[in-house]
Amino acid sequence: ASMLWVGWFGFNAGSELAADTTTGMAMLVTQIATATAALAWMVVEWITHGKPSILGMITGAVAGLVAITPASGTVGPQGALLIGVAAGAGCVFA
């Protein structure tokens, strides 16, 4: 999962084929959404099951990576937080 997380930066940021502010923002929002989704999954799992699990956090991180990909070039940090929370918390129940 950690290798996937690092590789996803090349996918999201590298898709622009340039080295400018849009690429930097794509990297930033990828990190924010993924970390937020992992934490959101952990919190929901903690509330519903009484304890968090590392497998749950990993699954939340992957859900965050997938959720931010279509929007990584257009959203800002606040949008990445919302997408991360929606992906992490929503996918627990899916």
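This text goes with the structure placed above it.
Residues numbered from 1 in each chain as written. Predicted model: local features only at pLDDT ≥ 70, side-chain atom pairs only at ≥ 80, totals over all residues. Heavy atoms only, no water.

**Q** When you look at the packing of aromatic side chains in this model, what are you seeing that I'm missing?
**A** Describing an aromatic ring pair means giving the distance of the ring centres and the angle of the ring planes. One pass over the full model with this rule turns up one aromatic pair. Measuring from centroid to centroid gives 5.9 Å for Trp8 and Phe11, while their planes differ by 75°, and the two rings are edge-to-face. In this pair, Trp8 and Phe11 are both assigned in helix H1 (residues 2–14), three residues apart and thus about one turn of the helix distant. Assessed through its relative accessible area of 17%, Trp8 is described here as buried. What makes Phe11 partly exposed here is its relative accessible area of 47%. (Phe/Tyr/Trp six-rings, centres within 6.5 Å; stacked < 30°, edge-to-face > 60°. Helix = DSSP H or I, 4+ residues; strand = E, 2+ residues; numbered from the N terminus. Buried < 20%, exposed > 50% of the residue type's maximum accessible area, 1.4 Å probe, protein only.)

**Q** Help me understand the nonpolar core, please; the structure alone is not making it clear to me.
**A** A general feature of soluble globular proteins is that nonpolar side chains tend to end up buried together. Val29, Ile32, Ala33, Ile68 and Ala80 together form the largest nonpolar core, which totals five residues. Broken down by element, the residue count for this core peaks at three residues, all from helix H2 (residues 21–49). Setting aside residues up to four positions removed in sequence, Ala80 forms contacts with Val29, Ile32, Ala33, Ile68 and Val75. (Core = buried A, V, L, I, M, F, W, Y, C linked by side-chain atoms within 4.5 Å. Contact = heavy atoms within 4.5 Å.)

**Q** Explanation requested: H1 in the structure shown.
**A** The α-helix winds at 3.6 residues per turn, so residues separated by three or four positions along the chain end up facing the same way. Taking 1.5 Å of rise per residue, 13 residues should cover 18 Å, and H1 covers 18 Å from first to last C-alpha, within 8% of that figure. Looking at H1, one finds that the buried residues are Trp8, Phe9, Asn12 and Ala13. What you see down the axis of H1 is that its buried residues fit within an arc of 115°, all on one side. Looking at the packing, one finds that the buried side of H1 touches H2 and helix H3 (54–68). (Expected span 1.5 Å × (residues − 1). Arc of directions from axis to C-beta.)

These figures capture arrangement, not role.
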